[in-house]
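Each chain, letter by letter, is given below.
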Amino acid sequence: MLDFILRKARLVGYGETTFDIGVANGKIAEIAPTISSDAPHENADGRLVTPGFVDTHIHLDKSCILDRCTLSEGTLQEAIAQVAAAKSGFTEDDIYARGRRTLEKAIVQGTMRMRTHVEVDPRVGLKGFNAVRRLKRDYAWAIDLQICVFPQEGLLNDPGTDELLIAACEQGADLIGGCPYTDTNPHGHIARIFDIARHFDLDIDFHLDFDLDASWMDLHEVCRQTEAHRYGGRVAVGHVTKISALPSAQVSSLAQRLADAGVAVTALPSTDLFLMGRTHDHNVPRGVTPVHTLMQHGVTCSLATNNVLNPFTPFGDCSLIRMANLYANIAQAGAPHQLAACLDLVTRQPARLMNLENYGVAVGNPADLVLLDCRDPAMAIAEISYPLVGFKGGRRSFTRSAPVLNPPVS
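Given the structure is predicted, the values throughout are model-derived calculations rather than measurements.

Undergrad: Account for the pattern of salt bridges, naming residues and giving values.
TA: Opposite charge on two side chains allows them to pair when their charged atoms are near. For the structure on display, the rule yields 31 salt bridges. K87 is paired through a salt bridge with E153; the nearest N and O atoms lie 2.6 Å apart. Note that K87 is positioned in helix α1 (residues 76-87) and E153 in the loop between β8 (144-150) and α4 (161-170), a separation of 66 residues in sequence. Here K87 matches E153 in class, with each residue buried.

Undergrad: Account for the pairing of strand β5 (residues 48-51), with residues named and values stated.
TA: The alternating pattern of β5 places L48 and T50 on one face and V49 and P51 on the opposite face, and all of these are buried. Summarising the sheet, strand β1 (residues 4-11) and β5 pair through 2 bridges and their orientation is parallel. Paired with R10 across the strands is L48, a residue of β5. Both β5 and strand β14 (residues 369-372) contribute to a ladder of 3 bridges, which runs antiparallel. Opposite P51, over in β14, you have L369 as the bridge partner.

Undergrad: Report on helix α3 (residues 127-138), specifying residues and quantitative values.
TA: When the terminal C-alpha atoms of α3 are compared, their 17 Å separation across 12 residues agrees well with the 16 Å that a helix rising 1.5 Å per residue should span. Elements in contact with the buried residues of α3: α2 (92-108), β7 (111-119), β8 and α4.

Undergrad: Quick rundown of the packing of aromatic side chains? Include the residues and the values.
TA: Here the distance between the centres and the angle between the planes together describe a pair of aromatic rings. Counted by the stated rule, this structure contains 7 aromatic pairs. Summarising the aromatic geometry, the rings of Y14 and F19 are spaced 5.1 Å apart at their centres and angled 75° between planes, so their arrangement reads as edge-to-face. Take F19: its relative accessible area is 12%, and that puts it in the buried class. A ring pair is formed by Y181 and F210, whose centres lie 6.1 Å apart and whose planes are at 70°; its orientation type is edge-to-face. Placement of Y181 in the loop between β9 (175-178) and α5 (186-200) and of F210 in the loop between β10 (203-208) and α6 (219-228) is noted, with a sequence separation of 29 residues between them.

Undergrad: Could you give an account of the environment of P285, naming the residues involved and the relevant values?
TA: With respect to the helices, strands and loops of the structure, P285 is situated in the loop between α8 (269-275) and α9 (291-296). Between the C-alpha atoms of P285 and A402, which are 117 residues apart in sequence, the distance is 37 Å. Apart from residues lying up to four places away in sequence, P285 is in contact with L212, M276, G277 and H280.

Undergrad: Talk me through the side chain of T102; I want residue IDs and the actual numbers.
TA: For T102, the location among the structural elements is in helix α2. A relative accessible area of 1% places T102 in the buried class. Polar side-chain contacts of T102 include one of 2.7 Å to the side chain of S63. In this view, T102 contacts I58, L60, S63, C64, V308 and C318; residues no more than four positions away in its chain are not counted.

Undergrad: So what's going on with the sheet that holds strand β6 (residues 53-58)? Residues and values would help.
TA: Taken together, the 8 strands give an open sheet; going across it, the order is β6-β7-β8-β9-β10-β11-β12-β13, and neighbouring strands pair in parallel fashion. Two strands in the sheet have a free side with no partner beyond their single neighbour: β6 and β13 (301-303). Direction aside, neighbouring strands of the sheet carry axes that sit 25° apart on average. In the sheet, β10 pairs with strand β11 (residues 235-239) via 5 bridges, with the strands oriented parallel.

Undergrad: Report on the environment of A341, specifying residues and quantitative values.
TA: Tracing the backbone shows A341 in helix α11 (residues 336-344). Residue A341 is classed as buried on the basis of its relative accessible area of 16%. Separated by 41 residues in the primary sequence, A341 and A382 place their C-alpha atoms 12 Å from one another.

Undergrad: How would you summarise the pairing of strand β3 (residues 27-32) if you had to cite specific residues and measurements?
TA: As paired strands, strand β2 (residues 18-24) and β3 are joined by 5 bridges and run antiparallel to one another. Paired with V23 across the strands is I28, a residue of β3.

Undergrad: Which residues make up the nonpolar core, and what values go with them?
TA: Generally speaking, nonpolar side chains in soluble globular proteins are found buried as a group. In terms of nonpolar packing, the biggest core is built from 103 residues, with V149, F206 and L294 touching the most fellow members. With 6 residues, helix α10 (residues 320-330) is the single largest residue contributor to this core. Each residue touching L294, except ones within four places of it in the same chain, is listed here: I243, V251, A255, L258, V265, T289, V299 and C301. In terms of nonpolar packing, the next biggest core, distinct from the first, is built from 16 residues, L6, A44, V49 and V389 among them.

Definitions and cut-offs
- Residues numbered from 1 in each chain as written.
- Predicted model: local features only at pLDDT ≥ 70, side-chain atom pairs only at ≥ 80, totals over all residues.
- Heavy atoms only, no water.
- Salt bridge = Lys/Arg side-chain N within 4 Å of Asp/Glu carboxyl O.
- Helix = DSSP H or I, 4+ residues; strand = E, 2+ residues; numbered from the N terminus.
- Buried < 20%, exposed > 50% of the residue type's maximum accessible area, 1.4 Å probe, protein only.
- Pairing = 2+ DSSP bridges.
- Expected span 1.5 Å × (residues − 1).
- Contact = heavy atoms within 4.5 Å.
- Phe/Tyr/Trp six-rings, centres within 6.5 Å; stacked < 30°, edge-to-face > 60°.
- Polar contact = N/O pair within 3.5 Å; in protein donor to acceptor, adjacent residues only side chain to side chain.
- Axes fitted to C-alpha atoms, helices over the stretch in contact; angles between N-to-C directions.
- Core = buried A, V, L, I, M, F, W, Y, C linked by side-chain atoms within 4.5 Å.

Geometry only, nothing functional implied.
Shown next, in the form of structure tokens:
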């Protein structure tokens, strides 16, 4: 017995062939060219259906604070300082309200799995963690939320932060992150994060190597410790903009190192493009890690949102399709197979990065489906095709109307 059928859907990898997708008890029960059933149905009319998008790196707790900050230099240092000052005025309800605004944007853009990084330190305490835990509970009907607690302003150089991280892990944080470039002892910072992760059996997601000086990288230490602790497949790094400053031969060599260690990489195109290269007055570098190249060497990669409407990124509608299009422009990835790979970078690849089970449009998996207003994976990115409908666990979670032209009546 089927509860619902999505008819005449195109699927990634099957060209122009269309399929009916039968849903029962919140899961995909059947996929076939035609399903004979009188169950309620909706006609996809040959449009593309993908699994729900996956955002591996966003900051719900500090989104939507542009009105509280001054943006003059546009540098990473200014952004960290401005947010640090603003945090003193955060309340749990304030964080919840701003996070809710951002989360709802992501939901109507088709995102159904998300990893949000939440700052924990003596200035904000556990306010952000508690607020985002409420969001995780209240929006479970539309999105699965992972909470990554991390020390944005350092760890070893910030007394009291270690204890707060431990408390958050004890209270149910899903994973732990680090930000070594803000600490006076980056390698000690990395080592301590691994210690905490191993104690609580948590995955790790670092903010890392966030500048354009490629003469040194903390990435090598992360790879070393990943191998030493046998943590391959459980460690991700975000930004790593230093990689964008490497010659192609060195990028290939580093990609092999990452693949061998089992360290995944997330590029954050909007933030990285906005903040990097501020000291250049001409030939300004893009500063965005070429993850499509890393992926070719077997590195698990993703594209993600990062910040929304704050000094790190004063933009954002939480559309991962738009983010993938931005990345394709930056990376000059315009061939059909490259554009299709960009769609993978917001679906299958980030699902692998987050170690998600039962992800994808396949029988037995949760019916987490997005109907896009297009018929081809490459064109989804090229045209920034927007989602029309989303189904979370087989239940309609959002609806957006297709635009309609209204020509004059003659």
